[in-house]
Amino acid sequence: MKPLENTADLFDIDGICNLAREVFQIEAEAIRQLAERVGAEFERAVQILLKCKGHVVVTGMGKSGAIGRKIAATLSSTGTPALFLHPAEGVHGDLGAITPNDVVLALSYSGETDELLAILPAIKRLGVPLIVLTGNTNSTLAKAADVVLDVSVKREACPLNLAPTASAAAMLAMGDALALAAMKARRFTPEDFARLHPAGTLGRRLLLKVKDLMRTGERMARVHYSEPTKAAFAAITKARAGACVVVDDEGKLCGIVTDGDLRRALLRDVNLFHAPVTEVMTKTPKVIHPEALATEALRLMQTHQIDDLPVVDEDGRPIGMLDVQDLLQAGIV
């Protein structure tokens, strides 16, 4: 088909936007109707997924195949190991990917997709459970299934009522519902999710601990409680830090000197160069353990509106300092 040289006469902007709104309404309604169909069959499908000792092998052709790849990815990332099998490749050797411990999740709106019907005998010979997502519950594929989930729609969002649009949205939503229901039943935790997404933002947020980010050694400003405030100035400057921990004779934390402490001391006309550090320090600072999650440190900082957090061991000795900038750089904030 030749590209149109001028579409101005075919569509005004209102017409384009109205079409978009109609697409949203049709697809939203298609998904909403799925809620009315969730019942015993859906529960059976989830139970099959939970009992699976191998992989959920998702298969489908065309647009259903594209949706199937996404469903397989969602299953895998939420605690249900899954893979996608292209049915056309299946009859040329890839059926070896299916083992007796697996479950097959087949997607076909018509339920009569030739490539899926071609691998159906092999699936039945293996005796693996077959879950089918289809818009035709009387189809050949549906009749062979152990569980059938109805994803039929009244019409497609396509103006020609041809391109899989609303049906694809419904199929995807049903797959998401299966994956997330199984996820909840497995008591899948945010930490479990993070372990499967170590390179993502959520993985960093949930896996990083305070000890991974805290400043130690020369980067942690430290003074003895008997020293003058100017020693804290020097320590902060040398460490390029925003605060300085104050320790007692046993090396235990007894205070912290922050920028806010120094400004408040100036307002009280304290001689910052000669006054003892104990006169300006905060004596009961908030602290955190090195094994705590970085997200916990962030919550503590936000709750108390502080930018620096001493990290102490079991004996109360400071072993590091956590700066809000460290959390920012790590993508925690």
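It should be noted that the structure appears before, not after, this text.
Residues numbered from 1 in each chain as written. Predicted model: local features only at pLDDT ≥ 70, side-chain atom pairs only at ≥ 80, totals over all residues. Heavy atoms only, no water.

1. Points about the overall build of the protein
The criterion, for reference: Here a helix means four or more residues in a row that DSSP labels H or I, a strand means two or more in a row labelled E, and each is numbered from the N terminus. With the radius of gyration taken over C-alpha atoms, the globule rule is written as 2.2 Å times the number of residues to the power 0.38. Per-residue accessibility, obtained with a 1.4 Å probe over protein chains only, is compared with the maximum for each type, and a residue is labelled buried under 20%, exposed over 50%, and partly exposed between these values. The criterion used for residue contact is that any of the two residues' heavy atoms lie within 4.5 Å. Note on areas: these come from Shrake-Rupley sampling with a 1.4 Å probe, and a residue is covered only by the protein chains present in the view. In this tally, Lys and Arg are treated as positive and Asp and Glu as negative; His is ignored, and so are the chain termini. All charge positions are set by atom: Lys at NZ, Arg at CZ, Asp at CG, Glu at CD.
What the protein contains, in helices and strands, is 14 helices and 10 strands. Expected size for 333 residues packed as a compact globule is a radius of gyration near 20 Å; at 31 Å, the protein overshoots this value by more than 25%. By its C-alpha atoms, the protein is 90 × 60 × 35 Å across when sized along the principal axes. Within the protein, the proportion of its 333 residues that are buried is 42%. Taking the contacts inside the protein whose residues are at least 6 apart along the sequence as the reference set, 64% of them involve residues at least 24 apart. As displayed, the protein offers around 17900 Å² of accessible surface, 54% of which is attributable to carbon and sulfur atoms. The distance from the centre of the 37 positive side-chain charges to the centre of the 41 negative ones in the protein is 3 Å.

2. Brief notes about the sheet that holds strand β4 (residues 130–134)
Put simply, the rule is: DSSP-based pairing: two strands are paired if at least 2 bridges between them are found. Axes, fitted as lines to C-alpha atoms, cover a helix only where it is in contact. Angles between the N-to-C directions of the axes lie from 0 to 180 degrees.
An order of β2-β1-β3-β4-β5 is seen for the five strands of this open sheet, with the pairing classed as parallel. Each edge of the sheet is formed by a strand with only one pairing partner; in this case those strands are β2 (82–85) and β5 (147–150). Adjacent strand axes in the sheet meet at a mean angle of 20° when their direction is disregarded. Strand direction decides the pairing type here: β4 and β5, joined by four bridges, are parallel. Its bridge partner lying in β5, I131 is registered against V147. The strands that helix α2 (residues 40–51) touches are β1 (56–60), β3 (103–107), β4 and β5; relative to β5, the one it contacts most, it runs at about 125°.

3. Section: the packing of α2 against helix α7 (residues 166–185)
Formally: With respect to orientation, any angle under 35 degrees is reported as roughly parallel, any angle over 145 as roughly antiparallel, any angle of 65 to 115 as roughly perpendicular, and every other angle as oblique. A clockwise turn of the near helix away from the far one marks a right-handed crossing, whereas an anticlockwise turn of less than a right angle marks a left-handed crossing. Residue classes follow a fixed rule: Ala, Val, Leu, Ile, Met, Phe, Trp, Tyr, Cys and Pro count as nonpolar, while Asp, Glu, Lys and Arg count as charged, and any other residue, Gly among them, counts as polar.
For the pair α2 and α7, interaxial distance at closest approach is 9 Å and the crossing angle is 60°. It follows from the interaxial angle that α2 and α7 lie oblique. Crossing angle aside, the handedness with which α2 passes α7 is right-handed. Contact with α2, carried on its side by F42, A45, V46, L49 and L50, involves M174, A177, L178, A181, A182 and A185 of α7 and no other residues of that element. Looking at the contact of α2 with α7, its residues break down into 11 nonpolar, no polar and no charged.

4. Some thoughts on the pattern of salt bridges
Using the following cut-off: One side-chain nitrogen of Lys or Arg within 4 Å of one carboxyl oxygen of Asp or Glu is enough to make a salt bridge.
Under the criterion given, the structure shown has 12 salt bridges. For K252, the salt bridge is made with E250, and the minimal N-O distance between the two is 3.7 Å. Salt-bridge contacts for D259 lead to R263; the nearest nitrogen and oxygen are separated by 2.9 Å. With D259 and R263 both in helix α12 (residues 259–267) and four residues apart, the pair spans about one turn of that helix. Residue classification places D259 among the partly exposed positions, given a relative accessible area of 44%. Residues joined by salt bridges that share partners form a network here, namely E29, R32 and E36.

5. A closer look at the nonpolar core
Nonpolar side chains in soluble globular proteins generally cluster together in the buried interior. Under the convention used in this document: Think of a nonpolar core as a cluster: buried Ala, Val, Leu, Ile, Met, Phe, Trp, Tyr and Cys residues, connected wherever their side-chain atoms sit within 4.5 Å.
In this structure, L105, I131, L133, L149 and L178 are the most contacted members of the largest nonpolar core, which totals 34 residues. At eight residues, the largest contribution of residues to this core is made by α7. Core analysis: the second largest hydrophobic core is formed by 18 residues, V223, A235, V246 and L272 among them.

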